[in-house]
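Secondary and tertiary structure notes
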Amino acid sequence: MTMNPELSAALDEPVATPRKSRKNNPEKTRENILQEAIVEFVQQGLAGARVDAIAERIHTSKRMIYYYFGSKEQLYVEVLEKLYGDIRTTESRLHLAELAPVDAIRRLVEFTFDHHDRNVDFVRIVCIENIHNAEYVKQSGTIKAMTNTILDSLGVILRRGAEEGVFRAGLEPLDVHLLISSFCFYRVSNRQTFGEIFQIDLSDEAVKQRHRQMVCESVLRYLQA
């Protein structure tokens with residue numbers, strides 16, 4: 001039997017390996033949902049946020065979001081955990097224990113200032129959660145556990161500073177944390193009203209650098225023996 005030359009050539013060619021379908025990446029999907037949820041909650045608040053709108057942004061379905069997070073409220077809790085987790089995780093990479101006490105405090109203050117300035121969404125979500133009287137923070141043991149890490153780290157720095165005679169004794173880590181956070185948070189949370197009332201642009205680079213130096217010096221002078 002004579003084989004058709006074209007068929008014979010086709011049979012001689014290597015068989016192409018079937019293309020494997022891309023596997024689902026649950027972690028990537030969760031991250032995409034969380035990122036778009038941040039936008040929605042910041043813009044609309046918890047009450048006004050719509051799961052439909054989040055789904056539309058990432059071209060998925062409400063069912064998919066509920067599959068990963070269960071409810072809008074649980075999604076909001078995980079948004080809180082992500083935003084608090086971002087700042088706590090980065091703090092843990094500052095290597096504060098390797099620095100002299102004064103340098104460690106300066107690095108922590110500068111980082112806190114910069115993080116708040118660059119992460120307006122974090123500040124806005126925290127403002128929203130305060131409107132809800134921390135109802136959803138109360139549901140998250142994760143946030144409380146993460147926050148304890150910075151207090152522990154601050155406690156070590158303050159003790160070392162007292163032992164070396166550069167910081168006064170008896171300082172409370174929580175008080176120092178509040179002192180640092182309050183200024184850094186306020187200048188972002190009240191940027192619009194403060195700026196309008198006093199006619200100052202808090203996003204101006206020269207103003208930011210002046211305030212960054214001011215909060216560092218204020219904290220260190222409070223701590224020093």
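We now turn to the structure provided with this report. As the structure is a prediction and not an experimental result, all values here were calculated from the model.

What follows is about the environment of L151. Relative to the helices and strands, L151 is located in helix α8 (residues 141-163). Along the chain, L151 and D175 lie 24 residues apart, while their C-alpha atoms are 9.7 Å from each other. With residues up to four places along the chain from it excluded, the contact list for L151 reads P173, L174 and H177.

The next subject is unusual backbone geometry. A positive phi angle, close to 55°, is found at H95, a residue other than glycine. With respect to the secondary-structure elements, H95 resides in the loop between α5 (72-91) and α6 (101-118). Residue classification places H95 among the partly exposed positions, given a relative accessible area of 45%. Backbone geometry at Q199 places phi at a positive 50°, although glycine is not the residue there. Secondary-structure assignment places Q199 in the loop between α10 (191-198) and α11 (205-223).

The biggest cluster of nonpolar side chains holds 32 residues, and the ones touching the most others in it are F41, I65, L75, V79, L80 and I125. Counting only elements with at least two residues in this core, the list comes to α2 (26-48), α3 (51-57), α4 (62-69), α5, α7 (120-131), α8 and α9 (173-189). Listed in part, the 24 residues of the second largest apolar core include A104, I105, F111 and I157.

Turning to the environment of K138, a few remarks are in order. Here K138 shows up in the loop between α7 and α8. Linking K138 and V77, residues 61 residues apart in sequence, is a C-alpha distance of 9.6 Å. K138 has contacts with N133 and K144, leaving out every residue within four places of it along the chain.

Let's shift gears to the packing of aromatic side chains. Enumeration over the complete set of coordinates arrives at six aromatic pairs. Between the aromatic rings of F41 and Y76, the centroid separation amounts to 5.2 Å while the plane-to-plane angle is 70°, which identifies the pairing as edge-to-face. Remark: Y76 occurs in helix α5 and F41 occurs in helix α2; sequence separation between them is 35 residues. Like Y76, F41 is buried. Considering the side-chain rings of Y84 and F122, the 5.4 Å spacing of their centres and the 85° angle between planes classify their relative orientation as edge-to-face. With Y84 in helix α5 and F122 in helix α7, the pair connects residues that are 38 residues apart, well separated along the chain. Of the two residues, Y84 and F122, both sit in the buried class. Of note, R168 hangs over the ring of Y222, and the distance from its end group to the ring centre comes to 4.5 Å.

Here we come to the pattern of salt bridges. Within this structure, the stated rule accounts for 14 salt bridges. E78 is paired through a salt bridge with R30; the nearest N and O atoms lie 2.4 Å apart. Taken together, the residues span a long stretch of sequence, with E78 in helix α5 and R30 in helix α2 at a distance of 48 residues. Salt-bridge contacts for R191 lead to D117; the nearest nitrogen and oxygen are separated by 3.1 Å. A residue pair is termed long-range when its members are at least 10 positions apart, and R191 in helix α10 and D117 in helix α6 qualify at 74 residues.

Conventions adopted
- Residues numbered from 1 in each chain as written.
- Predicted model: local features only at pLDDT ≥ 70, side-chain atom pairs only at ≥ 80, totals over all residues.
- Heavy atoms only, no water.
- Helix = DSSP H or I, 4+ residues; strand = E, 2+ residues; numbered from the N terminus.
- Contact = heavy atoms within 4.5 Å.
- Buried < 20%, exposed > 50% of the residue type's maximum accessible area, 1.4 Å probe, protein only.
- Core = buried A, V, L, I, M, F, W, Y, C linked by side-chain atoms within 4.5 Å.
- Phe/Tyr/Trp six-rings, centres within 6.5 Å; stacked < 30°, edge-to-face > 60°.
- Lys NZ or Arg CZ within 6 Å of the ring centre and 35° of its normal.
- Salt bridge = Lys/Arg side-chain N within 4 Å of Asp/Glu carboxyl O.

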